[in-house]
Amino acid sequence: MSRTRTTTLALAAAAAAGAMSLAPVSATALPLPLAGSTTVTPAGHAFKATLSGKATLKAGSVTVTCTVSVSTGAVPAAPGNNNPAGPVSSPISPPTYSSCTSSMWGVTPTVTTSGAWSVSMQNGSPITATMTVPTGGLVVQTSGLASCTVTAAPSGPASVPGTWTNGAPPSLTFTNASVPVTVTGGFGCPTSATASTFNAVYKVTDTTNPAPQITVAP
């Protein structure tokens, strides 16, 4: 065999070996870890979430700010207040929003809410909280120099991520949480926006018995 042919075969073999070593190795997909246990107490107690400071909803270049917001709900009765492998969910009343202003001069916003809202808690570090907005469950309408309509969760229920902090009182915080929206209207309306950012902090009080605090734990 000629030296040229021997060299060519050797290079081909090396290339084949390299290709084999770079080929992806199939592996059995590992199952995702189960969510940890969550318990919300006191079981069956009613609660009230009251806005602390201000809530903002920003769509495009327009920001709506409200200084009054309230929602109520109840911790599920036992054993529903415990989930050994996941979050505990509670229905809540549609949050009310009032004393609202717009970043657009000469524009007054009105916020209306409706439908079946809920909030779920997952113990962890941090404790996560997810508020579910039903389809079309929040609508912002403006009047004055610009007439716009902003509809949250336009195509289906939307999950708004937040965090829960145990304390006296505990707090529910949403920081730059993304919410899908559609915007309709004329001049000055951010009609190209498809999402908004939501910021708010709520203090939560036990209205069944003011002495204990609503607490999320394993």
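The structure presented is a predicted model; accordingly, all values stated were derived computationally and were not measured.

Q: Residue-level account of the overall build of the chain, with values.
A: Each helix and strand counted, the chain has 1 helix and 16 strands in total. The buried share of the chain, taken over its 218 residues, is 38%. Residue pairs at least 24 apart in sequence account for 67% of intrachain contacts in the chain once pairs closer than 6 positions are excluded. Of the accessible surface of the chain, which amounts to about 11,600 Å², a share of 63% is contributed by carbon and sulfur atoms.

Q: Outline the nonpolar core, listing residues and values.
A: Judged by nonpolar contacts, the single largest core of 49 residues is most densely connected at Tyr 97, Trp 164, Phe 198 and Tyr 202. Among the elements that make up this core, the one with the highest residue count is strand S14 (residues 171–185) (6 residues). Apart from the residues lying within four places of it in its own chain, the contact partners of Tyr 97 are Ala 55, Cys 66, Val 68, Ser 69, Val 111, Thr 113, Leu 138, Phe 198 and Tyr 202.

Q: I'd love a proper account of the side chain of Ser 69, names of residues and values included.
A: Relative to the elements of secondary structure, Ser 69 occurs in strand S4 (residues 62–74). A residue is classified by how much of its surface remains accessible, and Ser 69, at 1% relative accessible area, is buried. Separated by 2.9 Å, the side chain of Ser 69 and the backbone oxygen of Thr 96 make a polar contact. Polar contacts involving the side chain of Ser 69 include one to the side chain of Tyr 202, which spans 2.8 Å. Apart from the residues lying within four places of it in its own chain, the contact partners of Ser 69 are Ala 49, Thr 50, Leu 51, Pro 95, Thr 96, Tyr 97 and Tyr 202.

Conventions we followed
Residues numbered from 1 in each chain as written. Predicted model: local features only at pLDDT ≥ 70, side-chain atom pairs only at ≥ 80, totals over all residues. Heavy atoms only, no water. Helix = DSSP H or I, 4+ residues; strand = E, 2+ residues; numbered from the N terminus. Buried < 20%, exposed > 50% of the residue type's maximum accessible area, 1.4 Å probe, protein only. Contact = heavy atoms within 4.5 Å. Areas by Shrake-Rupley, 256 points an atom, 1.4 Å probe, with all protein chains shown as cover. Core = buried A, V, L, I, M, F, W, Y, C linked by side-chain atoms within 4.5 Å. Polar contact = N/O pair within 3.5 Å; in protein donor to acceptor, adjacent residues only side chain to side chain.

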